[in-house]
Amino acid sequence: MGQTLVEKIISSHAEHDVKAGEITIAKVDVCITQDGTGPLAVRQLQKIGLEKAYNPKKTILYLDHAAPSPRKELSNDHMLLRNFANKVGAHLSDIGEGVCHQITVEKYLNPGEIHIGADSHTCTGGALGAFATGMGSTDVAIGIALGKTWLRVPETFKINITGSFLKGVYAKDLILYLIGLIGADGATYKSLEFCGPTVNSMEMTDRMTLSNMAVEAGAKCGIFPSDKITKKYLESVKRGDKWMPLQPDNDALYERVINIDASKLEPMISHPHTVDNTKTVSQSIGIKIDQVFIGTCTNGRLKDLRIAAEILKNKKVHAKTRLLITPASRQIFLDAVKQGIIETLLKAGGTINSPGCGACVGVHQGILGDGENCLATQNRNFKGRLGNVNGNIYLSSPATAAITAIKGKISDPRKL
Ligand code: SF4
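Residues numbered from 1 in each chain as written. Predicted model: local features only at pLDDT ≥ 70, side-chain atom pairs only at ≥ 80, totals over all residues. Heavy atoms only, no water.

Draft legend 1. View of the site of the ligand. As a structural note, the neighbourhood of the ligand is formed by His65, Val99, His101, Asp119, His121, Thr296, Cys297, Cys357, Cys360, Val361, Asn379 and Arg385. Among the residues making up the shell around the ligand, the classes are represented as five nonpolar, five polar and two charged. (Near = heavy atom within 4 Å. Nonpolar A, V, L, I, M, F, W, Y, C, P; charged D, E, K, R; others polar.)

So, in structure tokens, the structure goes:
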């Protein structure tokens, strides 16, 4: 019997061929923490006297969730992480560099590798053809110190995508549709393996959006083959030498196959307070929106900002709505400045925050008021996610977010 993508990658990091369902020990290539989870990992290592990094060049401690720090307690945690990185020789990605998952793909992760991170959206790295998964702080701490971890090899759902997206419909709409279809726990501990003609020509930024949200269906990872698109992306970030081809075997065993025709999709909206509470934009038209937030590891990349800028060019954000924009990384911010995207968004009335998680996790840069509605391009809309349990969060693509910012209520990007 052939192997799925995750079976191939985990086999190459264990001491034998593995099959879905098996529990094994595997070497890890890239370990990350962020400023919410990193302090716990570091304190655990200090407690057990294991303050070291097995592979410091591939250990990255990010300051991105509360960056710059809005409180002294968080500032002290940032100091702890800076000191630990300095002591063990690991990378410290300081404030303003951007979101951990974006930078890990830009700088550190390669196809065929195993990547663990103390953050649930570590699955973003699956876009590169790596096995990337989120774990608790203590598991990642041990991965950092010893260079290995334990894993249960996930069963795989094959997500076969055909057809072309219609105008106004994007990868974000596809993943919201899929999560609505299978539910927030529909793929618990599975690997979502994306394939099909649409995937074969899908650019890396869109692959990252799909992988990023795999965990919102409960999945262990969301993974793509490593192909010519992967090669082109790695060349663009000057890591072309790290490319390797990776495809599942034709006779690999899948637990479930889901076919989606992208040409049949509409723009989608997740309504409060769960990601799988999805409706089409047609069913959501007219809901008043107080704040629009474009950014995050899901949709804060250059293409996302460009789509928003094209819609907002020579227009103004609605007088009763505010627009927040947070580039996912410093490089994206720089590119968006160079291309005039930031100027367009500023002239339209947008507020630009420093690269990082921005408002996404609800500690700063866009906390909602009581009863306010936000339409965001992020990946989660749980109660309180934007810092106020009395706020309501809707999720959409950047295009739907941009037209909504102009109209002040949820609007259809196909009507532009
Ligand atoms: Fe988590 Fe949001 Fe930051 Fe992504 S942008 S890592 S979802 S807080």
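Draft legend 2. View of the packing of helix H6 (residues 171-182) against helix H8 (residues 204-212). Where H6 contacts H8, the two axes come as close as 9 Å, and the packing angle between them is 20 degrees. In terms of orientation, H6 lies roughly parallel with respect to H8. Like other packed secondary-structure pairs, H6 and H8 cross with a definite hand, here right-handed. Residues Ala171, Lys172, Leu174 and Ile175 of H6 form the contact with H8, whose own contacting residues are Asp206, Thr209 and Leu210. Considered class by class, the residues forming the contact of H6 with H8 number four nonpolar, one polar and two charged. (Axes fitted to C-alpha atoms, helices over the stretch in contact; angles between N-to-C directions. Helix = DSSP H or I, 4+ residues; strand = E, 2+ residues; numbered from the N terminus. Parallel < 35°, antiparallel > 145°, perpendicular 65-115°, else oblique. Left-handed = near helix turned anticlockwise from the far one by under 90°. Contact = heavy atoms within 4.5 Å.)

Draft legend 3. Spotlight on helix H11 (residues 302-312). When you tally the buried positions in H11, you get eight out of 11 residues, the bulk of the element. Among the residues making up H11, those that are buried are Leu302, Asp304, Leu305, Ile307, Ala308, Ala309, Ile311 and Leu312. In the segment just after H11, Asn314 is the residue with positive phi, at about 60 degrees. (Buried < 20%, exposed > 50% of the residue type's maximum accessible area, 1.4 Å probe, protein only.)

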